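# Survey of secondary and tertiary structure
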Amino acid sequence: MVLEGNPEVGSPRTSDLRHSGNHGSCVLSSPGEDAQPGEEPIKYGELIVLGYNGCLASGDKGRRRSRLALSRRPHANGVKPDVMHHISTPLVSKALSNRGQHSISYTLSRSHSVIVEYTHDSDTDMFQIGRSTENMIDFVVTDTSPGGGAAEGPSAQSTISRYACRILCDRRPPYTARVYAAGFDASSNIFLGERAAKWRTPDGLMDGLTTNGVLVMHPAGGFSEDSAPGVWREISVCGNVYTLRDSRSAQQRGKLVENESNVLQDGSLIDLCGATLLWRTPAGLLRAPTLKQLEAQRQEANAARPQCPVGLSTLAFPSPARGRTAPDKQQPWVYVRCGHVHGYHGWGCRRERGPQERECPLCRLVGPYVPLWLGQEAGLCLDPGPPSHAFAPCGHVCSEKTARYWAQTPLPHGTHAFHAACPFCGAWLTGEHGCVRLIFQGPLD
């Protein structure tokens, strides 16, 4: 079957790019080879899907969840490039029929394909992400609609690939994680058809992009109080970094960015054209607030007994156990243009401007009037600061630095648009700043 072997796949550029396939679901609790009985497995990092406030609307179940930890597997399942073959199309099906042989197939024309075979890599663990529920996908991700929740129903067509991307983690310190476009299917193959963007690299190897692409953004200054959004790039099948295409599915690739890499950093964003994932490292998560800290902040805010400046009723943030149901009588509400916090009331409606448009009785500014909800996904927070700001217009509350960071972070939407969005529900942010400082009134007694 082999018409041409090409040892160039082991060239310096490609040997640094590790690829891997996967034959099972993500191992979250089994100890690695070096772990002692009873010890926790080595954690590479965690993936958090933006737009869910700590849990999917239908609940986290198995591989379909809002947050997933990637831990060292009991046995390495990585693969790496081995041999390149130039073959004629009638032989493609034969070349791809061996499920034990991982490969990437590049269809150049009806009579010419290039297949790159992969061999086992004992130094890496591979985790695959996509819309498919097949066993080789470790993290099942569905489309997130603006405003929170998954796009459901027969008319909702997903733009996320069944085998969207793969993350490859080194099994030895410093446990570097790298992201690659596309994942291996049930036949252990990645197939780039005739229409897919693909090309031969200067060193004679092959590379390509998936239909809707995998975009990555590394924050400047890490994911901390001093963070600033980075520049969105596209990651290729071989893990190279390119500038964005003119549109998401254009056949012409962007320019190679040689001084950037596919290595994930704390706070890196991975966009799959329908859902955006946040990568957090173990060290980064140690700096993030814990659920206990968030609950202590909620109780401290309620202990201050904030009052509605008009109705004089005492306000209180509801317990996370209640979930985001209908607001109760003590729920704080906010005018998102000015930040004045009230209890719910029915006056000041400006129905000519929409059912949520109200006039603040303190400053007379007209704008959305919404209930306040505490952000409960701690991994989305840059610091453990007090809940002082709310996103507009959804009303999710977090620290000032967290609110300002996400308000200035454009997230991909559609084929070429970008919008800042609330990380807790996915709602597009509005107003001059995308968030507002909350102004509470204390008790009068």
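Basis of the calculations
Residues numbered from 1 in each chain as written. Predicted model: local features only at pLDDT ≥ 70, side-chain atom pairs only at ≥ 80, totals over all residues. Heavy atoms only, no water. Core = buried A, V, L, I, M, F, W, Y, C linked by side-chain atoms within 4.5 Å. Buried < 20%, exposed > 50% of the residue type's maximum accessible area, 1.4 Å probe, protein only. Helix = DSSP H or I, 4+ residues; strand = E, 2+ residues; numbered from the N terminus. Contact = heavy atoms within 4.5 Å. pLDDT = per-residue confidence, 0-100. Pairing = 2+ DSSP bridges. 1 Å grid on protein atoms, 1.4 Å probe; cavity = no way out; pocket = protein on both sides within 12 Å on 5 of 7 lines; lining within 4 Å. Points joined across faces, edges and corners; volume = space filled by probe spheres on them. Nonpolar A, V, L, I, M, F, W, Y, C, P; charged D, E, K, R; others polar.

## Comments concerning the nonpolar core
Core analysis: the largest hydrophobic core is formed by 30 residues, its most contacted members being Leu 47, Ile 129, Ile 167, Ile 270 and Leu 272. Going through the elements one at a time, β1 (43–49), β2 (67–71), β6 (124–130), β8 (165–170), β9 (177–181), β13 (214–217) and β17 (276–280) are the ones with two or more residues in this core. If we ignore the near neighbours within four places in the chain, the residues touching Ile 270 are Leu 47, Ile 167, Val 179, Val 214, Leu 215, Val 216, Leu 264, Ala 275, Thr 276 and Leu 277. One finds Phe 391, Ala 420, Ala 427 and Leu 429 within the second-largest nonpolar core, a separate group that totals 27 residues.

## A few points about the confidence of the model for the protein
Residue-level pLDDT values for the protein average 84, and 82% of them are 70 or greater. Ignoring residues within four places in sequence, the model shows residues 1–33, a span with pLDDT below 50, making 126 contacts including any to other chains.

## Comments concerning the pairing of strand β25 (residues 410–413)
Here four bridges tie β25 to strand β26 (residues 417–420), and the two strands are oriented antiparallel to one another. Counted as the bridge partner of Leu 411 is His 419 from β26. Hairpin geometry of β25 and β26 is characterised by an intervening segment of three residues between the two adjacent antiparallel strands and by a positive phi of about 70° at Gly 414.

## Digging into the sheet that holds strand β21 (residues 366–371)
Read across the open sheet, the four strands follow the order β19-β18-β21-β20; overall the sheet is antiparallel. Lying at the two open borders of the sheet, with one neighbouring strand each, are β19 (341–342) and β20 (357–359). Bridging between strand β18 (residues 333–335) and β19 involves two bridges; their strand directions are antiparallel. When the sheet's bridge partners are listed, Val 334 is paired in β19 with Val 341.

## A short note on unusual backbone geometry
Where the residue is not glycine, phi is negative for most of them; where a peptide bond is considered, it is trans in most cases. Backbone torsion omega between Pro 173 and Pro 174 reads 5°, so that peptide bond is classified as cis. Cis geometry is adopted by the peptide bond preceding Pro 393, which originates at Ala 392 and carries an omega value of 10°. Position of Pro 393 among the secondary structure elements: in the loop between β23 (389–391) and β24 (396–398). Even without being glycine, Ser 188 reaches a positive phi, approximately 60°.

## Comments concerning empty space enclosed by the protein
According to the stated counting rule, one finds four cavities of 30 Å³ or more in the structure shown. As a volume, the largest cavity reaches approximately 110 Å³. Along its surface, the largest cavity is lined by 16 residues, and Leu 294, Gln 297, Gly 375, Pro 387 and Cys 398 are the ones closest to its centre. Elements supplying a minimum of two residues to the lining of the largest cavity: α4 (291–303) and β24. Looking at the lining of the largest cavity, the element that brings in the most residues is α4, giving three residues. Taken together, the residues of the lining of the largest cavity break down into eight nonpolar, six polar and two charged.

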